[in-house]
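# Topology and contacts: notes
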Amino acid sequence: MKDSNLKSKVGVLGEKALRLYYRIKFLIKDWIRIPREAPLWLKALLVGIYSLAFFLLLTLAIDINLFWLFGSSPKISELKNPDISLTSEIFSADGKQMGSFFTENRTPAVYEDLPKNLVNTLIATEDVRFYKHHGIDIKATVAAMWSVIQGDRRGGSTITQQLVKNLFKTRKDYSTGLLGSIPGISTLISKAKEWINAFKIEMYYSKDDIIMMYFNTVDFGSHAYGINSAASTFFSKKPIDLTYNESAVLVGLLKAPSSYSPVANPERSKARRNQVIGQLEKYGYISQPEKDSLIALPLKLHFQRKSFSKGNMTYLRDAIVRDLQAWSKETGNDVWTDGLKIYTTIDSRMQKYAEEAVAEHMRNLQRIFNQAGGDAVVPWKDENGKEVPGYFLKKAAELPQYKLLVKKYGEGSDSIRLALSAKHKMRVFTFSGERDTTISTLDSLKYYQKFFQTGFMAMEPNTGFVKAWVGGINYNYFKYDHVNQSKRQPGSLFKAFVYAAAFDQGYGPCDMITDQPVSIKYTENGEEKEWSPKNVDRSHAGSMTLKHAFARSVNSVAVQLAQKIGWQKVIEYAHKLGVMSELAQVPSICLGSSDVNLEEMVNAYCTFVNDGNLVKPILVTRIEDRNGKVIYESKPEKKQVLDPETAFLMSILLRAGLTEPGGTTQGLFEYDLFRHGTDFGGKTGTSSDYTDGWFIGVTPGLVAGCWVGNDDRAIHFKTSHIGEGLRTAQPVYGRFMAKVLKDESLKEYRQKFPKPTIKIDKDYSCQTPYPKADSLAVSADSTAVEISE
């Protein structure tokens with residue numbers, strides 16, 4: 001190449017690189033000068049020596065990235081300990097694998113996991129002289145070069161070279177250096193790096209190790225990375241159980257996973273498998289009759305694509321990621337790629353029962369709402385039941401595709417409405433499973449907006465161990481977690497903080513109070529206001545015990561108590577008992593007017609049955625790295641936040657909902673909960689206009705809570721008989737606990753509340769007499785009141 005041409009080719013390198021080139025050129029020219037009078041054999045010897053020296057120096061220069069010309073290469077430490085993306089696995093407290101995290105679905109195999117037929121198939125197909133070379137097959141390389149000269153592309157990379165590419169992606173992940181910008185040169189540099197590092201790999205690892213590492217790194221397509229995942233995905237078996245037929249299918253995939261996919265392209269996959277079987281016969285691994293019989297076989301797939309996790313475990317998976325976020329940032333561990341074993345507090349049986357309870361009840365509730373007619377409130381219909389024009393078109397403006405349509409047609413164009421109204425094929429969620437349908441974008445918005453959502457969580461009060469977690473009705477379609485991401489008004493659940501604070505101020509369960517109208521004047525942001533809350537039935541019952549008032553969830557009594565102890569005291573106790581959300585300092589806080597999440601409410605209620613101890617919820621107990629070393633263990637955080645006597649009295653109040661006339665938790669009698677003698681307590685909650693329904697149930701060994709509502713607060717039931725927490729949320733708890741208590745393997749949760757271990761000075765034995773039999777109807781949850789100022 002002439003110097004002028006070279007200069008134009010490498011102009012991008014700059015003057016400094018060119019000066020370096022000329023200096024090296026003249027040094028080499030002086031160094032390799034051969035005397036003309038030397039005999040031919042000496043000239044040949046010197047040329048050979050100089051060529052070898054030049055090759056070794058060039059190899060060293062490439063390896064050390066001399067003058068930043070060639071780009072970086074893998075370090076020795078990386079070669080000895082290559083970083084492979086591995087699947088992290090989630091395990092339940094009862095030892096069941098419940099899900100996984102991965103960017104590449106890969107679980108490592110050891111050499112002993114690989115059947116001989118699989119190893120033979122790989123060698124016969126990819127590198128027949130594997131055991132005879134040291135990373136570079138000179139014969140195959142020369143043959144590949146000759147095929148390129150003849151216009152035919154033929155691979156010459158050894159298994160070791162392919163391993164280098166899989167491990168380090170030398171053509172992508174590492175810089176190419178200054179010379180890498182020259183067309184053709186970058187490919188030669190990358191190839192040289194593969195040769196150099198293949199030789200190093202052969203120095204550090206045995207042939208068996210190289211085979212094992214190769215099978216652990218290759219991509220088989222269909223989200224299957226590594227032989228363990230491939231064998232499980234395509235044949236539902238372990239690698240050691242693979243036959244020659246199956247091995248040939250998998251090895252055949254390596255050439256082009258998409259093109260030769262036995263799922264997407266079965267005929268092409270079968271033809272490729274037959275080529276691989278032909279290679280086995282060609283190199284003597286199988287006989288001609290064996291080849292013929294193998295070729296005659298069908299593919300025999302047992303395909304099972306691996307997802308991130310199973311069932312509603314995807315909500316839990318994301319909750320685990322959030323829970324470990326700070327730890328991951330601090331330690332540098334990545335749950336998605338580090339091949340961790342994550343041991344959770346979740347019980348697989350309870351998780352199953354929680355998912356079933358949610359699905360069963362929410363299916364029924366959605367059907368009731370869809371058929372409710374005048375008893376349902378939706379924002380796209382006016383007070384006369386007529387459609388509000390353009391409602392969903394305004395909603396569609398939030399969609400990404402709307403912006404594209406505006407860009408195409410212009411804002412306000414009728415073409416936008418027509419495009420969004422055009423029907424097209426879509427797969428939609430139903431409680432009976434996914435369904436293919438034809439629907440427009442606007443109609444799909446209406447279809448999905450009406451779905452009610454839920455969050456459910458169960459937790460051991462003494463340990464803080466979370467036993468079940470369901471964040472919604474279906475993660476694939478509704479990814480927002482309603483356990484600890486969503487915040488809604490808790491309604492009467494907040495009355496527990498009012499009564500707890502009042503008990504600490506000297507009140508007791510059997511103290512008498514008058515259920516009467518109450519009106520409160522207060523100042524908010526400099527503005528004088530007056531708040532007059534009502535009971536749900538708009539009536540007042542007169543004198544009653546605090547125990548009875550709590551059981552019936554009487555609003556006027558809770559407001560009077562809060563007025564006596566102060567609104568700030570209610571907020572103080574809510575925070576002390578575990579509520580972390582910001583709470584508004586207004587009178588209506590005693591009826592739950594500030595948004596909170598389900599997790600913090602369940603955690604707070606645990607203190608009432610845990611002697612006043614607040615225990616931080618624990619989702620993950622232990623994490624092991626890919627080598628089995630424990631790198632994380634949870635540390636229980638327990639703090640006494642409530643006087644033990646007050647905690648005991650609150651547990652009495654929670655149980656009173658089942659024993660006092662008109663108690664709001666008596667809907668639990670509809671479920672098979674009491675056969676085994678288990679003690680129960682609980683509290684319902686309903687926000688203004690029946691927008692949110694809540695229920696938290698307590699037993700000595702398990703506290704569980706449920707929220708139900710629509711993500712759009714404008715969508716709700718209109719009446720208490722179907723919209724209160726007793727109807728919307730309590731059934732999930734009832735169904736769940738019935739399943740748990742029926743399970744003999746979970747009988748440790750069949751418990752009675754123990755007698756107090758401390759002296760209780762305040763009387764709690766009072767019992768309101770039941771009225772005559774004809775008036776024993778369960779009263780409505782009295783938390784469904786106007787709480788806005």
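First things first, this report covers the structure right here in the doc. Here, residues in each chain are numbered from 1, in the same order as that chain's written sequence. For a predicted model such as this one, the threshold for reporting local features is a pLDDT of at least 70, and the threshold for listing and counting side-chain atom pairs is 80 or more; totals across whole chains, interfaces and linings nevertheless cover every residue. To get the side-chain values, take all heavy atoms of the structure and skip hydrogens and water.

### Overview of the overall build of the protein
Just so we agree on the cut-off: For the purposes of this entry, the term helix denotes a DSSP run of H or I that reaches at least four residues, the term strand denotes a run of E that reaches at least two, and both are numbered from the N terminus. Only protein chains enter the accessibility calculation, which uses a 1.4 Å probe; a residue is then buried when its area is under 20% of its type maximum, exposed when over 50%, and partly exposed in between. Residue contacts are counted whenever heavy atoms from the two residues lie within 4.5 Å of one another. Only the protein chains shown count as cover for residues, and the accessible areas themselves come from Shrake-Rupley with a 1.4 Å probe.
Secondary structure assignment for the protein yields 29 helices and 20 strands. Within the protein, buried positions represent 52% of all 789 residues. For the protein, restricting intrachain contacts to residue pairs at least 6 apart in sequence, the fraction spanning at least 24 positions comes to 71%. As presented, the protein carries roughly 37,700 Å² of accessible surface, and 53% of it is formed by carbon and sulfur atoms.

### Thoughts on the sheet that holds strand β14 (residues 620-624)
Rule in force here: DSSP bridges decide pairing: two strands pair if at least two such bridges lie between them. Angles here are taken between N-to-C directions and fall from 0 to 180 degrees, while the axes themselves are lines fitted to C-alpha atoms, restricted in helices to the stretch in contact.
Spatially, β2-β1-β3-β14-β15 is the arrangement adopted by the 5 strands of the open sheet, whose pairing is mixed. The outermost strands of the open sheet, each flanked by one partner alone, are β2 (97-101) and β15 (630-633). Across the sheet, the mean angle separating the axes of adjacent strands is 20° when strand polarity is ignored. Pairing analysis gives 3 bridges linking strand β1 (residues 88-91) to strand β3 (residues 341-344), with the strands arranged parallel. By the bridge assignment for β3, Phe91 is matched with Tyr343.

### Some words on the packing of aromatic side chains
Here is the rule: By convention, a stacked pair of Phe, Tyr or Trp rings (six-membered ring in the case of Trp) has centres within 6.5 Å and planes under 30 degrees apart, an edge-to-face pair has planes over 60 apart, and any other such pair is tilted. Working rule: Lys NZ or Arg CZ, within 6 Å of ring centre, within 35 degrees of ring normal, means a charge sits over the ring.
Per the stated rule, a full pass over the model turns up 34 aromatic pairs. Arranged with centres 5.2 Å apart and planes meeting at 80°, the rings of Phe101 and Trp336 form a pair that is edge-to-face. With Phe101 in strand β2 and Trp336 in the loop between α15 (325-331) and β3, the pair connects residues that are 235 residues apart, well separated along the chain. Given a relative accessible area of 0%, Phe101 falls into the buried group. An angle of 90° between the planes, with centres 5.2 Å apart, marks the rings of Tyr315 and Tyr475 as edge-to-face. Pair noted here: Tyr315 is in helix α14 (residues 313-323) and Tyr475 is in the loop between β8 (466-470) and α21 (495-504), with a separation of 160 residues, a long-range link. What makes Tyr315 buried here is its relative accessible area of 1%. Given the relative accessible area of 9%, Tyr475 is considered buried. Among the aromatic residues, ring-to-ring pairing joins Phe429, Phe431, Tyr447, Tyr448, Phe451, Tyr477 and Phe478 into one connected group. Taking the ring centre of Tyr260 as reference, the NZ or CZ of Arg272 above it sits at 5.9 Å.

### Looking at the pairing of strand β17 (residues 681-686)
Among the 6 residues of β17, 6 are classified as buried, and the element is accordingly described as predominantly covered. The alternating pattern of β17 places Gly681, Lys683 and Gly685 on one face and Gly682, Thr684 and Thr686 on the opposite face, and all of these are buried. Where β17 folds back onto strand β18 (residues 692-698) in an antiparallel hairpin, the turn is made up of 5 residues, including Asp689, whose phi is positive at roughly 65°.

### A closer look at the state of the cysteines
Formally: In plain terms, two cysteine sulfur atoms within 2.5 Å form what is called a disulfide here.
Under the defined criterion, the tally for this structure stands at 1 disulfide. Covalently, Cys510 is tied to Cys766 through a disulfide, its sulfur atoms 2.1 Å apart. Here the disulfide of Cys510 and Cys766 is left-handed, its torsion about the S-S bond being about -95°. Of this pair, Cys510 sits in the loop between α21 and β9 (512-515) while Cys766 sits in the segment after α29 (730-742), and the two are 256 residues apart along the sequence. In this structure, Cys510 and Cys766 share a single accessibility class: buried.

### Comments concerning the environment of Asn603
The topology assignment puts Asn603 in helix α25 (residues 598-606). Judged by its relative accessible area of 7%, Asn603 is buried.

### Overview of the nonpolar core
What tends to happen in soluble globular proteins is that the nonpolar side chains get buried as a cluster. We count it as follows: Here, nonpolar core means buried Ala, Val, Leu, Ile, Met, Phe, Trp, Tyr and Cys residues that are tied together by side-chain atoms lying within 4.5 Å of each other.
Counting residues in hydrophobic clusters, the biggest one holds 142 residues, and the most contacted among them are Phe456, Trp469, Tyr499, Met601 and Phe736. Those residues in contact with Met601 that lie beyond four places of it in its chain are Pro490, Leu493, Phe494, Phe497, Val579, Val596, Trp694 and Ile696. Core analysis: the second largest hydrophobic core is formed by 39 residues, Leu118, Tyr214, Phe215 and Leu242 among them.

### Considerations on the packing of helix α11 (residues 244-253) against helix α12 (residues 266-282)
For clarity, the threshold we go by: Orientation is classified from the angle alone, with under 35 degrees giving roughly parallel, over 145 giving roughly antiparallel, 65 to 115 giving roughly perpendicular, and any other angle giving oblique. For any helix crossing, the convention is left-handed if the near helix is rotated counterclockwise from the far helix by under a right angle, and right-handed if that rotation is clockwise. Here the term charged refers only to Asp, Glu, Lys and Arg, the term nonpolar to Ala, Val, Leu, Ile, Met, Phe, Trp, Tyr, Cys and Pro, and the term polar to all other amino acids, Gly among them.
The contact between α11 and α12 brings their axes to 8 Å, and the two run at 110°. The orientation of α11 with respect to α12, classified from their angle, is roughly perpendicular. Two packed elements cross with a definite hand, and for α11 against α12 that hand is right-handed. Across the interface between the two elements, Tyr244, Asn245, Ala248, Val249 and Gly252 from α11 touch Ser269, Arg272, Arg273, Val276, Ile277 and Leu280 from α12. Split into classes, the residues belonging to the contact of α11 with α12 amount to 6 nonpolar, 3 polar and 2 charged.

### Some thoughts on the packing of helix α16 (residues 348-370) against α29
One can describe the packing of α16 onto α29 by two numbers: an axis separation of 8 Å at closest approach and a directional angle of 145°. For the pair α16 and α29, the sense of crossing is right-handed. For the pair α16 and α29, contact is made by Met350, Tyr353, Ala354, Glu356, Ala357, Val358, Glu360, His361 and Asn364 and by Pro731, Val732, Arg735, Phe736, Lys739 and Val740, respectively. Taken together, the residues of the contact of α16 with α29 sort by class into 9 nonpolar, 2 polar and 4 charged.

### Let's talk about α25
Filter applied, for reference: A 3.5 Å cut-off defines polar contacts: any pair of N or O atoms within that distance qualifies, except that in protein one atom must be a possible hydrogen donor and the other a possible acceptor, and neighbouring residues in sequence count only when both atoms are side-chain atoms.
Burial analysis of α25 places 9 of its 9 residues in the buried class, which makes it a mostly covered element. Listing the buried residues of α25 in full gives Leu598, Glu599, Glu600, Met601, Val602, Asn603, Ala604, Tyr605 and Cys606. Near the N-terminus of α25, the side chain that reaches the backbone nitrogen of Glu599, with its oxygen 3.1 Å away, is that of Asn597.

### A look at the sheet that holds β17
Pairing within the open sheet is antiparallel, and its 5 strands lie in the order β8-β7-β19-β18-β17. Each edge of the open sheet is held by one strand with a lone partner, namely β8 and β17. In this sheet, neighbouring strand axes are inclined to one another by 5° on average, regardless of whether the strands run parallel or antiparallel. For β18 and strand β19 (residues 703-709), the ladder comprises 7 bridges, and the chain directions are antiparallel.

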